[in-house]
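# Architecture at a glance
Okay, here's what each chain looks like letter by letter:
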Amino acid sequence: MASISPYGKRFISYIRQSQIRRLVGSGVRIDGRTPHQLRDVSIRTNVVNTADGSAEALLGKTRVVAGVKVGLGQPFPDTPDEGVLIVNAEILPHASPYSEIGPPDETAIELARVVDRGIRHSGFVDFKKLAIDQNKVYVLWVDLYVLNDDGNLVDAANLAALAALRSTMLPSAVKDEAGVKLDRNNKTALPSDLSKAPIAVSIGKIDSRIIVDPNLEEELSLDGRITITIAQDSIVSMQKTAGYFTEQELWQAVDLAYSIRDKLRDVLLKSLV
Amino acid sequence: MKQPPVPLLVEGRRADGRAPDQMRDVRISVGVISNADGSAMVSYGNTTAVAAVYGPREMHPRHLSLPDKAVMRVRYHMAPFSTKDERKNPAPSRREIEISKVLREALEPAIFLEQFPRSRIDVFVEIVQADGSTRVASLTAASLALADAGVPMRDLVIGVSVGLVNGVVVLDLNGLEDNYGEGDMPVGYMPNLGRITLLQLDGAWSRDRFAEAVKLAVKGAEYVYGKAREALKAKYFEIAEEVAK
């Protein structure tokens, strides 16, 4: 029964876990950060020249490459005048001792779907401009490849996806008797609006202390984890991915997400100049 | 923006006649599957979820068991005939795999898994009829099935959805509102401990609307919790009556 969710293959020793938790309790973290401090973030675009758009995001040691391929297809019946976005994620067997060969597991599927929802609801890509005619639209295939997993894949993959889409050059659509074809010798920039970029911010909780950008060992020690994606002033996506939050803790997490969003957005904007 | 076939909100009334903060008719029964260790059927209006629990039982394959706690497995699945339009392919979709994961993570905080090392607890939820809010109906059904199975729990987990329809926060989305509304937020809530164990959101929500939505979800969950308690007790009243005869 393939759709039964599998169980935590990841684990951490009790002694390490209690060390991480004790440290957070006293306001420091296992890697020397303060509770609300991000790891170093860097984003590079056009890292793969065979793709129509690509980018690599590094969040500390976490490393994700996003590649965009543009195709042609039919629109969804309920949005006949819009292009199509398909996000897929693979956590490569390279990425950590916990990842295995095989089709995307529930973690990879969730990763892809959370990134997808942020982009879809933010207005970052103008899907209306991706319609070609009545039943032909551009299809944006965004593939997120996790090369190294040191925690907080969602934030890193989201930044990589945004930068890759921002760097995407759309092949022109040529119509002839045989139908519509793509001409890769003739490209224009994908219509996108950076001011609407959806920024994903993942927040962890240990006891009732809130931390940002948990690394892998911290992820394995948390009492709660939530990803909050913000575009302009709106929350466009949320996903609680571990444990629980009280209402009070939730308000704290949302406030923190807004301030961290500003920092991540600045890094994104700088790297796209 | 997609246009709904009928207006979603007219003068404070929703397409099915409800007020914004009103649940659909909630029907709950437990012990509906005699072979299972615990089971429950939950309907929110036309959405019906059936949950069965097997376990705690031996973990197979053995090497996947954990030495310090039970492993919990959750499967959320929609029957091919459960949807209004075409037949749903019974193969598990990416959506169903994601929902299975978030439901498991919504239930785990409620269960004393550490009391059952090396064993597993299986929770199967089938959507037999879908009209919006299927994952939250599944969550209520799953937690009631676990309680019915006698699995030690910190609290029940009650699922309710809230959404944004014409800028208004509404409780318990039906299929129409789910398709054409501007936002959707499923919530899982432990009514006695005040803990949120399931939270997903999409659409475009201001901070104020989000805060309003969480408050409404908590209120909705407390209402459903009353019904859930009644259903759990009703089973034992029935047994007591049987014995009295």
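All values reported here derive from a predicted model rather than from experimental measurement.

### Quick look at the overall build of chain A
Helix and strand counts for chain A come out as five helices and 13 strands. Taking 273 residues into account, the globule formula puts the C-alpha radius of gyration at 19 Å, and chain A, at 20 Å, falls close to it. C-alpha atoms of chain A, sized along the principal axes, occupy 70 × 40 × 35 Å. Out of the 273 residues in chain A, the part that is buried amounts to 53%. Here the analysis covers contacts within chain A between residues at least 6 apart in sequence; of these, 69% occur between residues at least 24 apart. When the accessible surface of chain A is summed, it comes to about 11700 Å², and 51% of that surface belongs to carbon and sulfur atoms. The positive charge centre, built from 32 side chains, and the negative charge centre, built from 35, are 3 Å apart in chain A.

### Regarding the interface of chain B and chain A
With 40 residues of chain B at the interface, the matching set in chain A holds 40 residues. Together chain B and chain A conceal approximately 3800 Å² of surface at their shared face, both sides included; 55% is due to carbon and sulfur atoms. Where chain B touches chain A, the interface holds six salt bridges. Measuring nitrogen to oxygen at the nearest pair gives 2.4 Å for the salt bridge that ties Arg-113 of chain A to Glu-98 of chain B. Applying the counting rule to chain B against chain A returns 19 residue pairs in polar contact (both at pLDDT 80 or more). Residue assignment for the side of chain B that touches chain A shows that the elements contributing at least two residues are β6 (71-78), α1 (94-107), β11 (195-205) and α4 (207-244) of chain B. Among the elements that line the side of chain B that touches chain A, the one with the most residues is β11 of chain B, at eleven residues. Among the residues making up the side of chain B that touches chain A, the classes are represented as 21 nonpolar, five polar and 14 charged.

### Focus on the side chain of Thr-140 of chain B
Residue and element names in this part refer to chain B. Along the chain, Thr-140 falls in helix α2 (residues 134-148). Judged by its relative accessible area of 0%, Thr-140 falls in the buried class. At 3.0 Å, the side chain of Thr-140 and the backbone nitrogen of Gly-159 are in polar contact. If we ignore the near neighbours within four places in the chain, the residues touching Thr-140 are Val-42, Tyr-44, Val-157, Ile-158, Gly-159 and Val-224.

### Looking at the confidence of the model for chain B
Here chain B averages 95 in pLDDT, and 100% of its residues register 70 or above. Interface scoring of the predicted complex returns ipTM 0.93; its pTM is 0.94.

### Description of the pattern of salt bridges
Pairing of side chains with opposite charge becomes possible as their charged atoms draw close. All names here are of chain B. This model, assessed by the stated rule, comprises 49 salt bridges over all chains. In this structure, Glu-114 and Arg-154 form a salt bridge, with 3.3 Å as the shortest nitrogen-oxygen distance. With Glu-114 in the loop between α1 and β7 (119-129) and Arg-154 in the loop between α2 and β8 (158-165), this residue pair connects regions lying 40 residues apart in the sequence. You can call Arg-154 partly exposed: its relative accessible area is 33%.

### Notes on the packing of helix α2 (residues 106-122) of chain A against helix α3 (residues 153-166) of chain A
Residue and element names in this part refer to chain A. Packing of α2 against α3 leaves a shortest axis separation of 10 Å and a crossing angle of 50 degrees. Put simply, α2 runs oblique to α3. For the element pair α2 and α3, the recorded crossing hand is right-handed. Across the interface between the two elements, Leu-111, Val-114, Val-115 and Ile-119 from α2 touch Leu-153, Val-154, Ala-157, Asn-158, Ala-161, Leu-162 and Leu-165 from α3. Here the residues of the contact of α2 with α3 are counted per class, giving ten nonpolar, one polar and no charged.

### Digging into the packing of α1 of chain B against α2 of chain B
All names here are of chain B. As a packed pair, α1 and α2 sit with axes 10 Å apart at the nearest point and diverge in direction by 45 degrees. As far as their axial angle goes, α2 and α1 are oblique. In the crossing of α1 with α2, the sense of the turn from one axis to the other is right-handed. Along the contact surface, α1 presents Arg-95, Ile-99, Leu-103, Ala-106 and Leu-107, while α2 presents Thr-134, Arg-135, Ser-138, Leu-139, Ala-142, Ser-143 and Leu-146. Of the residues contributing to the contact of α1 with α2, the split by class is seven nonpolar, three polar and two charged.

What counts, and where the lines are drawn
Residues numbered from 1 in each chain as written. Chains lettered and ligands numbered in written order. Predicted model: local features only at pLDDT ≥ 70, side-chain atom pairs only at ≥ 80, totals over all residues. Heavy atoms only, no water. Helix = DSSP H or I, 4+ residues; strand = E, 2+ residues; numbered from the N terminus. Rg over C-alpha atoms; globule rule 2.2 N^0.38 Å. Buried < 20%, exposed > 50% of the residue type's maximum accessible area, 1.4 Å probe, protein only. Contact = heavy atoms within 4.5 Å. Areas by Shrake-Rupley, 256 points an atom, 1.4 Å probe, with all protein chains shown as cover. Lys, Arg positive; Asp, Glu negative; His and termini not counted. Charge placed at Lys NZ, Arg CZ, Asp CG, Glu CD. Buried area = accessible area lost by both parts, 1.4 Å probe. Salt bridge = Lys/Arg side-chain N within 4 Å of Asp/Glu carboxyl O. Polar contact = N/O pair within 3.5 Å; in protein donor to acceptor, adjacent residues only side chain to side chain. Nonpolar A, V, L, I, M, F, W, Y, C, P; charged D, E, K, R; others polar. pLDDT = per-residue confidence, 0-100. Axes fitted to C-alpha atoms, helices over the stretch in contact; angles between N-to-C directions. Parallel < 35°, antiparallel > 145°, perpendicular 65-115°, else oblique. Left-handed = near helix turned anticlockwise from the far one by under 90°.

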